[in-house]
Amino acid sequence: MASYSIIGAGIAGLSLALELEEAGINARIIEYRDRIGGIHILYPGLDSFIDRARHRANIVSAAAIRVNGRTYELRGKNYVELRDAVVATGFRVATLPELGVYGDRPAGIYPFHAVLDLIHYGLLPGKRIVIYGDNVYAALLGNELTKLGCMVTIVTPVRIDSSPISDVIVIKGNISRIRGMSRVESVRVNGEWIDADTLVIAIFKTYNPFPEFQAIGQAALELFDPGIIMESGKILAHELINDGEPIIINSNIPIYPGNLIRGKTRRIIVTLRGGGKILVNDKEYTIHGDAAVIDLPKTDKVFIRGVG
Amino acid sequence: MHLANHEYDIAIIGSGIIGLFIAYELAHYNARILVIDKNAEPGFGVSKGHAGVIHVVQPPFNTLRSKLAIEGNKLYDDVSRKLHVKLKRMSTILVAEGLTHLLALPAIWLVLRRVYGKHGFKISIIGSRELSRLEPNVKGLGGIKIDGYGVINSFELVYQLYNFCLLNGVDFLFGTNINNARISNDRVIISTSGGEYEARLLVNAAGLYSTEIAKMFGDKYRIEFGKGAMLVFWGEQTRSIVTPLQLMPNPKTKGGAIIPTIFGTTIWGPSLSAGNRDDRAVNGNDIQALFDKFKRLMPEYEAIPIKAYAGVRPIPEGDDFIITHSNSSNRVIHLIGIESPGLTAAPAIARKVIDLIKDSGIALQAKSDIKEVEPIVFTRDLISDGKDITDDPGEVVCPCMAITRSDIRNAIKRGARTLDGVAFITGLGMGICQGMCIGNAIKVISEELNIDPEKLTKSGGDSWLVTR
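Can you help me understand the packing of aromatic side chains in this one?
Working definition: an aromatic ring pair is given by the centre-to-centre distance plus the angle between the planes. Residues and elements named next belong to chain A. Tallied over the full model, the rule gives 21 aromatic pairs over all chains. Between the aromatic rings of Phe-91 and Phe-204, the centroid separation amounts to 5.3 Å while the plane-to-plane angle is 0 degrees, which identifies the pairing as stacked. Within this pair, whereas Phe-91 is found in the loop between β7 (85-87) and β8 (92-93), its partner Phe-204 is found in strand β18 (residues 204-205), the two being separated by 113 residues in sequence. Each member of the pair Phe-91 and Phe-204 is classed as buried. Consider the rings of Phe-112 and Phe-204, whose centres lie 5.3 Å apart with planes at 90 degrees: the pair is edge-to-face. Here Phe-112 is found in helix α4 (residues 112-120), whereas its partner Phe-204 is found in strand β18, with 92 residues between them in sequence. In this structure, Phe-112 and Phe-204 share a single accessibility class: buried. Ring pairs connect the aromatic residues Tyr-43, Phe-91, Phe-112, Tyr-137, Phe-204 and Phe-224, which therefore count as one cluster.

This is the structure in structure tokens:
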């Protein structure tokens, strides 16, 4: 009987596990942190889903690691090479050189995920915090740190999803430099120095650390919508079960999980930065945000085209 | 007050690669040795800012620097074996990018063969086919291949030297500044932020601060500070050290290469620019210069840059190492301007210093019971070798580099007291995620050090990490 290992107990991994369980397929989630929910623990409205998953999914405390180009599950003293795994490790954080942020390298520069863990352990990364981020997670973390008594400034290079932000200063711009001998003293934003003792990087990239396996959620898709992230888990569940009729898709825009669909959900995720109109066969859809879940028409071949 | 336990035969200022290698050599003799460093851990000065390359011959060829680099290079296989430090021997390829370079290859080969060949380093011309066989990612018309280089895990080297010294009775004082030092009745009196110490002889291996220590004995040296920026990429790009062949040496673009590290990452650099002692900031210009120089060697290759950092090196007047007795006393030995290739030369430098110590009239008697250091074995090494994990490694802290709680405990046992110390020994947080695990790591390191997380620092001093 088929059995899958899912790497990561974020909402994508949890949703895949639950969907597989429901279909009677064995699935276990490997999580190395002592909490689940990944970067969505601050996201409003997801608590009940995460709680339900905590009780229903088979989550084991272990880690997937890569040694000499092979992927192993390490659990206590035991390690075994992983097969039939799905990667649900989520976003990685953009590196400072990728963001063009240079200067000193003092203490107090944290990737987003590390700050969530610190808060989880009752610790704070600092008191005067600049968050560099262009997404709803940056805003949510800003709120949380403000609640915990920190002074927070969010610097966003493009835009920030609307989300109630109280007592948080938001600056549109870019960070170019960090200054500080031992600890962060200031960061340079739009050519001006802002005093801060902490810089949190909340700009994300999709990344699959185990490329021999298929990825779901934010390990594969640059999306910020929890509904679509969970949907990617469900869609992949049925692709793995292979419980539908094959559909071949010809698309000139990026689609997930791929050009051949075999699951009974008959669904795909279309990503289109900034939204827009697309044609699915002859039917027009409008995509709001950066992506949408599309129910495929009942044909065995589907054409998808961006419009305009 | 006379404090017997503050008396030593030899005091070494500086626990960088140079100070440590000298202490390592001295630990083989019956002598009381003290090493003093202002930093929180060994190797936190000049030594942490380099790329880990073992060089061969260094131009200018007739210098002490070049001579010691050649000797040092040849000692490294032994050092690596004895101290269980990962060393990978490899070639350097100077790539001919254009037709002019290609036409010049035979002449350059003739010149270089005389210099390199004399010292036993093999040098050959390679054509475009051989180049693409050796380095599939590199674009070029051919090149010159020089054998005998290497890359080493310089962090492992630092901590293994340190542990060898500890095992064999060397004392260390960290976080300790030198306020003053003087000669009195053939003894050196060293007044530090941690009290007064006496030694029969002092070795000044203080790196960027060596001229200040020298001044305390009336010796005047001038050094300039050179900043070298490096860009680290995730993954291997080349098998050899690769750099463009330069016909006209241009000081602005001199040095640096594409370097495959021992950790499976790749370094571009270092660049070289004038700097000052306390400035380790990386500038956008430095990084642009690295891209201008190296990107054209690998135009097709896409890699993720994970980190940029800079080191500061002491560049001496006269552009050569200065290793000498003080003008005022033969009880003081200065090492001034030990810059690149100081890592390569270090084992040979240490032997030279031992000779100078003997010249000073200090009798050194070889010890009979030398204790050897055990290799540092991490969980990933056991998995890599297919061996059983016998002790419970605890939870995985950093999945990118496969580091467990027991690996952190192991690093602490080897002397790590700070987050950087643990990171240098284990590789924690040095993967592509650049520290997404660091929140978890701060908790575990604090627990293993048995301190409040608010007391843990990145690298000592005011580099606090968390608050409440």
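Next comes the rest of the account.
What am I meant to see in the packing of helix α1 (residues 11-22) of chain A against helix α6 (residues 226-241) of chain A here?
To describe two helices that pack against each other, one gives the angle between their axes and the distance between the axes. Residues and elements named next belong to chain A. With their axes 8 Å apart at the nearest point, α1 and α6 run at an angle of 40 degrees to one another. If you check the angle between α1 and α6, you find them oblique. Of the two possible hands of crossing, α1 and α6 adopt the one that is right-handed. Contacts between α1 and α6 involve Ile-11, Ala-12, Ser-15, Leu-16, Glu-19 and Leu-20 from the former and Pro-226, Ile-229, Met-230, Ser-232, Gly-233, Lys-234, Leu-236, Ala-237, His-238, Leu-240 and Ile-241 from the latter. Of the residues belonging to the contact of α1 with α6, the class tally is 11 nonpolar, 4 polar and 2 charged.

Honestly, the sheet that holds strand β21 (residues 255-256) of chain A in this entry has me stumped. Any pointers?
Strands belonging to one sheet form pairs held by backbone hydrogen bonds; the direction of such a pair is parallel or antiparallel. Residues and elements named next belong to chain A. Read from one edge to the other, the open sheet built from 3 strands follows the order β21-β23-β26, with strand pairing classed as antiparallel. Lying at the two open borders of the sheet, with one neighbouring strand each, are β21 and β26 (291-295). Across 5 bridges, strand β23 (residues 267-271) lies against β26 in antiparallel orientation. Paired with Ile-268 across the two strands is Ile-294, which belongs to β26. Along the sheet, α6 contacts β21, β23 and β26; its crossing angle with β23, the most-contacted strand, is approximately 140 degrees.

The rules behind each value
Residues numbered from 1 in each chain as written. Chains lettered and ligands numbered in written order. Predicted model: local features only at pLDDT ≥ 70, side-chain atom pairs only at ≥ 80, totals over all residues. Heavy atoms only, no water. Phe/Tyr/Trp six-rings, centres within 6.5 Å; stacked < 30°, edge-to-face > 60°. Helix = DSSP H or I, 4+ residues; strand = E, 2+ residues; numbered from the N terminus. Buried < 20%, exposed > 50% of the residue type's maximum accessible area, 1.4 Å probe, protein only. Axes fitted to C-alpha atoms, helices over the stretch in contact; angles between N-to-C directions. Parallel < 35°, antiparallel > 145°, perpendicular 65-115°, else oblique. Left-handed = near helix turned anticlockwise from the far one by under 90°. Contact = heavy atoms within 4.5 Å. Nonpolar A, V, L, I, M, F, W, Y, C, P; charged D, E, K, R; others polar. Pairing = 2+ DSSP bridges.

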